[in-house]
Amino acid sequence: MMESYLNENFGEVKPKHSSEEVLQRWRNLCGIVKNPKRRFRFTANLSKRYEAAAMRRTNQEKLRIAVLVSKAALQFIQGVQPSDYTVPEEAKAAGFQICADELGSIVEGHDLKKLKFHGGVAGIAEKLSTSTNDGLTTDGDLLDRRKDLYGINKFTESVGRSFWVFVWEALQDMTLMILGVCAFVSLIVGITMEGWPKGAHDGLGIVASILLVVFVTATSDYRQSLQFKDLDKEKKKIAIQVTRNGYRQKMSIYDLLPGDIVHLAIGDQVPADGLFVSGFSVLIDESSLTGESEPIMASAENPFLLSGTKVQDGSCKMLVTTVGMRTQWGKLMATLSEGGDDETPLQVKLNGVATIIGKIGLFFAVVTFAVLVQGLLNRKWQEGTHWSWSGDDALEMLEFFAISVTIVVVAVPEGLPLAVTLSLAFAMKKMMNDKALVRNLAACETMGSATCICSDKTGTLTTNHMTVVKSCFCMNVKEVSKPNDASSLCSELPDSAVKLMLQSIFNNTGGEVVVNKDGRYEILGTPTDTALLEFGLSLGGDFQAERQASKLVKVEPFNSVKKRMGVVLELPEGGLRAHCKGASEIILAACDKVVNANGDVVPLDEASVNHLQVTIDQFACEALRTLCLAYMELEKGFSAENPIPVSGYTCIGVVGIKDPVRPGVKESVAVCRSAGITVRMVTGDNINTAKAIARECGILTDDGIAIEGPNFREKSQEEMLEIIPKLQVMARSSPLDKHTLVKHLRTSLGEVVAVTGDGTNDAPALHEADIGLAMGIAGTEVAKESADVIILDDNFSTIVTVAKWGRSVYINIQKFVQFQLTVNVVALIVNFSSACLTGNAPLTAVQLLWVNMIMDTLGALALATEPPNDDLMKRSPVGRKGNFISNVMWRNILGQSVYQFVVIWLLQTRGKALFRLEGPDSDLILNTLIFNSFVFCQVFNEISSREMEEINVFKGILDNYVFVCVLSCTAFFQIIIVEFLGTFANTSPLTLSQWFVSVVVGFLGMPIAAGLKMIPV
């Protein structure tokens, strides 16, 4: 019943992409909130989001106008007089010829007229005292002056809150404020009646309890906020390739300055405003800034690149002109960062639980107050003193009111939604140490329910350290894994073939061979490019000489749809030549000629095709990644605007690249299988390579299906639904195939899907999946931005760790909910029934505040921060339909509540006789005994709550020092309260036998909890 109410009213919030209306709706349903500031601290700030949306709309309008103006200016630019510009003195004094505002207006305003006036990109570079080839010089003095004049590439962030802000927010609790007023009135009446200090004890007791609750709460919240701050810093770590002092190097985007030369490639985010220096086929997606979905071509004619936009295709060099808060993106980010993260489905559900119980608690509190007051009126009526009221009567009424308010304090489980945040913050911090960076809080929860992981092959299941180990050039297959093999290959091949091969390897690449600061050669680029360049160097090739010998006319970078890369060269002796490389069967199908054993170009006959096809299959079956290299001579009329031809090539040869399986992957896949998680491999590689590696990893089983993307695409809806449950490997897949697979798994089969991705084209699948996992090393910025978790070491085993932590978070919160609901139920029923039947409440306001702190802040600390154990991965996943408050939990809650209530009721009715309590203090001693037994029931129930179904609850207890620490502190403070703080807490020191009974009563809850676990549900 509760679950259906929660799903109906609080179940609309999804782990990601929830609409603002949905987020607003559940907030409106939260009727009883003691402290809105604290309850909604870790939820999205919707008003700030509306602000950011408005700002984005203004930006879009501004930029649209700027683009239109610049297009119009292009037509009239010839007849325009140069604009007047005077270099400000401060810029001159710093050694520069242009100021930050002028630079900003050129790029942001797409102002071609001003750009021409300043001498184009080369002129701007000169005025910024930089070189488009060697970048900035890091002479200390000039660098500092540059920072002072142009600013740094950082966005304004909201100032971190101090500890006292959290104390102030904890004090905003409505019930604590009412209790504060009660304490104040109690102090005044008490001191008036009984004088100082005796009359002040009750009031001071409540004040001390309020302060203790406030400081413990504030400390817990403050530590949590620090953890989130650390994670935010990690999220923002983005590195980019930059040329400085003539050397290419990786640098944080936050260290960029105007004048830096940045190298952008497909999938990168433009890190600052700048100007295009040189490059090929650069398509820029400006939708994040302008809202325009159509990509813009960046070139020498349209050189403006804006911060925050994405490189959709191509690669280029960019001159940084404007950084940080001077860019539109900087201003937008400052507003967006205040919008906060979306709340997670569990947070929302537990807000729902808190609301239901809060309403019940409020009803009980009002009834309790009414019953207690009626009892007082009856007594006064019988005594005939109903017309004369004394200070004692007023104090009694005040105590009744305080008890009722405290019942609300205990009944409204404000800590439930916050326990989720505490558990998530703890898990995120620990996952960071395990090389997983969580970008979206809800991913921690969702990963615990995952039933399927669709993983890439390259770099995730394999090491991504690629080397060419086999080759087939001039129809001759040779192993080249040893250092001497390459030189013997050279001697066996005709010189013309070697020359052609080196020209292809060194020119048709996205990588580069550069000299680093130590004077050593360093190869930059993707692992595939690096492997080929390394092979080229081992053949005795010279990268720089080869690049300078011919001129690049056109580059079509590799992408996962075409599965090929092509370049057009202008040869030194004249004429144009196209080179292409890519998926072997695709390139081979585009060839009609081949270089034979003598180095001659001959037609590609059936025997040659079969020989090459068998070679490719043989390489693939050995788990090698195969690439085919080809070239063609182009006609004179070819221009850079024309696409590179897709057929008519001459095959140069095939290489087999080894990418070994990562250690530990096979074991991780086995762990997933035992945890009920299906692992599927989705790769762009050859099907035989994919099958070989899938078998080695334990992914492909005898009854599993391996299919190629093009075949999968052609299947009908019914055929797809028949294949997908058994599908284990998809080879030669396009990003669209991946997206289709994920969509079917989620919608048609109801699976909770985690997907890995690294390329720009993976963004739709990462977005569609329940959990998008981007690769931290090989992944592009576009992929990382679409992902929920970034796997920092690109390792499949880390994904399994994320799943384990996800399950741990989910179960920890269930344990805490079970524990807290038990305390809620018992505290409510005990005080209510006692008030109704005896006319007084055994637990006073101060005692209830202490109980509230045990179950709320301290309970959350103890139970919500349990580290995961290996047994978690032996259970089935919760999946999409699992109930959060399960039948197992209800069994444990109700069973434990009945036991505790019966024991306390017995103590209340038979306690005096059992312990032979007589005299004026007998009621006080009995109530202390009840309070003590109640607290120890919670202490032992906390231990029992560590496992919801297992009998052995002590397993690994010492590994969780937080749990041990919380229990020890609870027991220690309980002794102090009972023995030494009696005047404030309304307790009386107990004898050893009474202490023994209290502890035994609590301890007996454990065998009862163990017995309950035997009852099947």
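Note: the structure precedes this text.
My aim in this report is to walk through the structure given alongside it, one point at a time. (Residues numbered from 1 in each chain as written. Predicted model: local features only at pLDDT ≥ 70, side-chain atom pairs only at ≥ 80, totals over all residues. Heavy atoms only, no water.)

**Some words on the state of the cysteines**
Rules: Here, two cysteine sulfur atoms that lie within 2.5 Å of each other are counted as a disulfide. Under the scheme applied here, a residue whose accessible area is under 20% of the maximum for its type counts as buried, over 50% as exposed, and between as partly exposed, the area being computed with a 1.4 Å probe on protein chains only.
Enumeration according to the criterion identifies zero disulfides in this entry. Between Cys 651, a cysteine without a disulfide, and Cys 628, which holds the nearest cysteine sulfur, the sulfur-to-sulfur distance is 3.8 Å. Relative accessible area serves as the criterion here: at 1%, Cys 651 is assigned to the buried category.

**Section: the nonpolar core**
Here is a general trend for soluble globular proteins: nonpolar side chains tend to be buried in one another's company. The line we're drawing: What is meant by a nonpolar core is a set of buried Ala, Val, Leu, Ile, Met, Phe, Trp, Tyr and Cys residues, joined one to another through side-chain atoms within 4.5 Å. Secondary structure elements follow DSSP: runs of H or I of four or more residues count as helices, runs of E of two or more count as strands, with numbering from the N terminus. Contact definition: two residues touch when any of their heavy atoms are within 4.5 Å.
Judged by nonpolar contacts, the single largest core of 151 residues is most densely connected at Leu 179, Ile 771, Phe 796 and Val 817. The element contributing the most residues to this core is helix H32 (residues 796–838), with 19 residues. The residues contacting Leu 179, other than those within four sequence positions of it, are Ile 206, Ile 210, Ala 402, Val 405, Thr 406, Val 409 and Leu 849. One finds Leu 493, Phe 506, Ala 531 and Leu 629 within the second-largest nonpolar core, a separate group that totals 30 residues.

**Considering helix H33 (residues 845–863)**
Threshold: Expected span of a helix, by definition, is 1.5 Å for each gap between consecutive residues, and there is one gap fewer than residues. The quantity called bend is, for any residue, the angle between two axes fitted respectively to the seven residues ending at it and the seven beginning at it.
In a regular helix each residue adds 1.5 Å, so 19 residues correspond to 27 Å; H33 covers 25 Å between its end C-alpha atoms and thus fits that length. The largest bend along H33 measures about 30 degrees and falls at Thr 857. Most of H33 sits out of view: 19 of its 19 residues are buried.

**Remarks on the sheet that holds strand E22 (residues 705–708)**
Operational definition: By this definition, two strands are paired if DSSP reports at least two bridges between them. Lines fitted to C-alpha atoms define the axes, with helix axes restricted to the stretch in contact, and inter-axis angles between N-to-C directions lie between 0 and 180 degrees.
Read from one edge to the other, the open sheet built from eight strands follows the order E8-E26-E25-E24-E9-E21-E23-E22, with strand pairing classed as mixed. Two strands bound the open sheet, and with one partner strand each, they are strand E8 (436–438) and E22. Across the sheet, the mean angle separating the axes of adjacent strands is 20 degrees when strand polarity is ignored. Note: strand E21 (residues 678–682) against strand E23 (residues 727–731), two bridges, orientation parallel. Bridging across to E23, Met 681 finds its partner in Val 729. The strands touched by H32 within the sheet are E8, strand E9 (452–455), E21, strand E24 (753–757), strand E25 (771–775) and strand E26 (789–791), with E26 carrying the most contacts at an inclination of about 145 degrees.

**Details of the pairing of strand E12 (residues 512–515)**
The pairing of E12 with strand E13 (residues 521–524) spans four bridges and is classified as antiparallel. The residue of E13 that forms the bridge with Val 515 is Tyr 521. Turn length for the E12-E13 hairpin, with the two strands adjacent in sequence and antiparallel, is five residues, and the turn residue Gly 519 shows positive phi of about 85 degrees.

**Topic: the packing of helix H15 (residues 345–383) against helix H17 (residues 415–433)**
Heads up, the rule is: Here is the rule for angles: anything less than 35 degrees is roughly parallel, anything more than 145 is roughly antiparallel, 65 through 115 is roughly perpendicular, and the remaining ranges are oblique. Working rule for handedness: look at the near helix, and if it is turned counterclockwise from the far one by less than a right angle, call the crossing left-handed; if clockwise, right-handed.
For the pair H15 and H17, the least separation of the axes is 7 Å and the interaxial angle reads 160 degrees. Comparing their axes, H17 and H15 come out roughly antiparallel. Crossing of H15 against H17: the hand is right-handed. Residue-level inspection shows Leu 346, Gln 347, Leu 350, Asn 351, Val 353 and Ala 354 of H15 in contact with H17, the latter providing Leu 416, Pro 417, Val 420 and Thr 421.

**Notes on the pairing of strand E17 (residues 591–595)**
Of the pairings in the sheet, the one linking E17 to strand E20 (residues 649–658) comprises three bridges and is parallel in character. Within the sheet, the bridge partner assigned to Cys 591 lies in E20 and is Tyr 649. As paired elements, E17 and strand E18 (residues 601–603) share three bridges and run antiparallel to each other. Directly across from Lys 593, in E18, lies its bridge partner Pro 603.

**A word on the packing of H17 against H32**
Viewed as axis vectors pointing N to C, H17 and H32 meet at an angle of 155 degrees, and their least axial separation amounts to 10 Å. Looking at the two axes, H17 sits roughly antiparallel to H32. Crossing angle aside, the handedness with which H17 passes H32 is right-handed. Here Gly 415, Leu 416, Ala 419, Val 420, Ser 423, Leu 424, Phe 426, Ala 427, Lys 430 and Met 431 of H17 lie close against H32, whose contacting residues are Val 802, Trp 805, Val 809, Asn 812, Ile 813, Phe 816, Val 817 and Gln 820.

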